[in-house]
Amino acid sequence: MSSPESLIRQALDAARAAGPDDVPIGAVVFGPDGAELARAANAREELGDPTAHAEILAMRAAATLLGDGWRLEGCTLAVTVEPCTMCAGAIVMARIGLLVFGAWEPKTGAVGSLWDVVRDRRLTYRPQVRGGVLAAECAAPLEEFFARRR
């Protein structure tokens, strides 16, 4: 398997595909063998869909490709920013094996910042997590995006 930094660099590349009105967040799903299955950028504004976060779009595409319905067991999800509550819940429900993320998100993060959905002991499944990988590199596109909007 590739290093966490390599996985996050691929997610940063995916984030570049975000449209001009979408927050530049990227996600990539890798299969159990390390092969890339799917990648996506946020497309909430582009699609007019509140669920069109990069993580959701990438997991949907990967699940379709694997043909196992919804299970992504043994897969790795790399995302440039700490997932929100919706995405963290989907990660748990999809049975992602390893979540690797870049920048922490203190306002909405649900993998340790504001909440910790993925490690809640009441759930029957909890993925492994590696957070803060290339955090500064992942935060930079967000800072640039929001600076342009102000």
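Whatever comes next refers back to the structure up there.
Residues numbered from 1 in each chain as written. Predicted model: local features only at pLDDT ≥ 70, side-chain atom pairs only at ≥ 80, totals over all residues. Heavy atoms only, no water.

Engineer: Go over the overall build of the protein chain with me, naming the residues and quoting the values.
Structural biologist: From N to C terminus, the protein chain includes 5 helices and 5 strands. In sequence order, the secondary structure elements of the protein chain are arranged as α-β-β-α-α-β-α-β-β-α. At 14 Å, the protein chain has a C-alpha radius of gyration in line with the 15 Å of a compact globule built from 150 residues. The C-alpha extent of the protein chain, read off along each of the three principal axes, is 40 × 30 × 30 Å. Taking all 150 residues of the protein chain together, the buried fraction comes to 45%. The long-range fraction of contacts in the protein chain, counting pairs at least 24 apart against all pairs at least 6 apart in sequence, stands at 57%. In the structure as shown, the protein chain presents an accessible area of about 7,600 Å², 52% of it carried by carbon and sulfur atoms. (Helix = DSSP H or I, 4+ residues; strand = E, 2+ residues; numbered from the N terminus. Rg over C-alpha atoms; globule rule 2.2 N^0.38 Å. Buried < 20%, exposed > 50% of the residue type's maximum accessible area, 1.4 Å probe, protein only. Contact = heavy atoms within 4.5 Å. Areas by Shrake-Rupley, 256 points an atom, 1.4 Å probe, with all protein chains shown as cover.)

Engineer: Quick rundown of the layout of surface pockets? Include the residues and the values.
Structural biologist: The rolling of a water-molecule-sized probe over the atoms marks out the regions of remaining empty space. Its volume calculated, the largest pocket comes out at about 670 Å³. V23, I25, E105, L142 and F146 are, among the 26 residues lining the largest pocket, the residues nearest its centre. Secondary-structure elements contributing two or more residues to the lining of the largest pocket are helix 2 (44-47) and helix 5 (135-149). Of the residues belonging to the lining of the largest pocket, the class tally is 12 nonpolar, 3 polar and 11 charged. (1 Å grid on protein atoms, 1.4 Å probe; cavity = no way out; pocket = protein on both sides within 12 Å on 5 of 7 lines; lining within 4 Å. Points joined across faces, edges and corners; volume = space filled by probe spheres on them. Nonpolar A, V, L, I, M, F, W, Y, C, P; charged D, E, K, R; others polar.)

Engineer: Quick one: what's the story with the pattern of salt bridges, residue by residue and with numbers?
Structural biologist: Oppositely charged side chains are able to pair whenever their charged atoms sit close together. Counted according to the given criterion, the structure contains 6 salt bridges. Residue D13 is joined to R39 by a salt bridge in which the shortest nitrogen-to-oxygen separation is 2.8 Å. Remark: R39 occurs in strand 2 (residues 36-41) and D13 occurs in helix 1 (residues 4-15); sequence separation between them is 26 residues. We note a salt bridge from R122 to D120, for which the minimum N-O separation is 2.5 Å. R122 sits in the exposed class, given a relative accessible area of 74%. Salt bridges sharing partners connect three or more residues here, namely D13, R16, E36 and R39. (Salt bridge = Lys/Arg side-chain N within 4 Å of Asp/Glu carboxyl O.)

Engineer: Which residues make up the nonpolar core, and what values do they have?
Structural biologist: Core analysis: the biggest nonpolar cluster contains 50 residues, and I8, V29, M59, L72, L77 and I96 have the highest contact counts within it. For this core, the elements supplying multiple residues, two or more each, are helix 1, strand 1 (26-30), strand 2, helix 3 (54-66), strand 3 (76-81), helix 4 (85-94), strand 4 (98-103) and helix 5. With 7 residues, helix 3 is the largest single contributor of residues to this core. For V29, the contacting residues outside a window of four places in its chain are A35, E36, L37, A38, A58, M59, A62, C75, T76 and L77. (Core = buried A, V, L, I, M, F, W, Y, C linked by side-chain atoms within 4.5 Å.)

Engineer: Tell me about helix 1, and please be specific about residues and values.
Structural biologist: Over its 12 residues, helix 1 runs 17 Å from end to end, which matches the ideal 16 Å to within 8%, given 1.5 Å per residue. All of the buried residues along helix 1 are L7, I8, A11, L12, A14 and A15. Each buried residue of helix 1 lies within a common arc of 155° when the element is viewed along its axis, so the set occupies one face. (Expected span 1.5 Å × (residues − 1). Arc of directions from axis to C-beta.)

Engineer: Talk me through the side chain of N42; I want residue IDs and the actual numbers.
Structural biologist: Relative to the assigned elements, N42 resides in the loop between strand 2 and helix 2. A distance of 2.7 Å separates the side chain of N42 from the backbone nitrogen of A54, its partner in a polar contact. In contact with N42, not counting residues within four places along its chain, are A18, D22, V23, I25, A52, H53 and A54. (Polar contact = N/O pair within 3.5 Å; in protein donor to acceptor, adjacent residues only side chain to side chain.)

Function cannot be read off these values alone, since they describe shape.
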